[in-house]
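Breakdown of the fold
The primary structure of each chain is shown beneath.
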Amino acid sequence: MNHFAILCGSAPEGFRQKKLEDMYDFLKSRKEENLICFQNGVSEILLEKILGEAFDKACENDDSRVLLYLCAQ
């Protein structure tokens, strides 16, 4: 079983969003291993690559999940 979590924020450079930090802390407390966090946004190309790889690995196992968390504010 694989769980993947990709967290994307929109904070200005040097800042962090409280909601994104809370979600990250929650997932870490549940011992999630495949966790990626982009505090200040992510390019479309990089996000597409990461999502593609996560879905490819998740499709190998029926119990796998992919979480994409977008935090606009």
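Quick look at the structure, then. Everything numeric in this text was worked out from a predicted model, so none of it was measured.

Comments concerning the overall build of the protein chain
Counting its secondary structure elements, the protein chain contains two helices and three strands. Here the protein chain has a C-alpha radius of gyration of 13 Å; the compact-globule value for 73 residues is 11 Å, and the two agree. For the C-alpha atoms alone, the extent of the protein chain along its principal axes is close to 35 × 30 × 15 Å. When each of the 73 residues of the protein chain is scored for burial, the buried share is 29%. For the protein chain, long-range pairs separated by at least 24 residues make up 69% of all intrachain contacts whose partners lie at least 6 apart in sequence. Counting only carbon and sulfur atoms, one obtains 52% of the accessible surface of the protein chain, whose full area is about 5,300 Å². In the protein chain, the 9 positive side-chain charges and the 13 negative ones have mean positions that sit 7 Å from each other.

Here we look at the pairing of strand 1 (residues 3-8)
By the criterion of burial, strand 1 is predominantly enclosed, with five of the six residues buried. Sheet topology places strand 1 next to strand 3 (residues 65-70); six bridges connect them, and they run parallel. Bridge assignment links His3 to a residue of strand 3, and that residue is Arg65. Across five bridges, strand 1 lies against strand 2 (residues 34-38) in parallel orientation. In the sheet register, Ile6 faces strand 2, and the bridge partner there is Ile36. Chirality of the crossover, the property in question, places the unit of strand 1, helix 1 (residues 18-29) and strand 2 among those that are right-handed.

Here we look at unusual backbone geometry
Non-glycine residue Lys31 carries a positive phi angle of around 65 degrees. Residue Lys31 is classed as exposed on the basis of its relative accessible area of 67%.

Thoughts on the pattern of salt bridges
In this structure the tally under the stated criterion is three salt bridges. Put simply, Asp22 and Lys18 hold a salt bridge, and the shortest N to O gap is 2.9 Å. Of the two residues, Asp22 and Lys18 both sit in helix 1, four residues apart, roughly one turn of that helix. Among the ionic pairs, Glu53 bridges to Lys49, the shortest N-O distance being 2.7 Å.

Concerning the side chain of Gln17
Along the chain, the position of Gln17 falls in the loop between strand 1 and helix 1. At 3.4 Å, the side chain of Gln17 and the backbone nitrogen of Ala11 are in polar contact. Aside from chain neighbours lying at most four places away, what touches Gln17 is Gly9, Ser10, Ala11, Gln39, Cys71, Ala72 and Gln73.

Thresholds applied
Residues numbered from 1 in each chain as written. Predicted model: local features only at pLDDT ≥ 70, side-chain atom pairs only at ≥ 80, totals over all residues. Heavy atoms only, no water. Helix = DSSP H or I, 4+ residues; strand = E, 2+ residues; numbered from the N terminus. Rg over C-alpha atoms; globule rule 2.2 N^0.38 Å. Buried < 20%, exposed > 50% of the residue type's maximum accessible area, 1.4 Å probe, protein only. Contact = heavy atoms within 4.5 Å. Areas by Shrake-Rupley, 256 points an atom, 1.4 Å probe, with all protein chains shown as cover. Lys, Arg positive; Asp, Glu negative; His and termini not counted. Charge placed at Lys NZ, Arg CZ, Asp CG, Glu CD. Pairing = 2+ DSSP bridges. Right-handed = clockwise from strand over helix to strand, strands pointing away. Salt bridge = Lys/Arg side-chain N within 4 Å of Asp/Glu carboxyl O. Polar contact = N/O pair within 3.5 Å; in protein donor to acceptor, adjacent residues only side chain to side chain.

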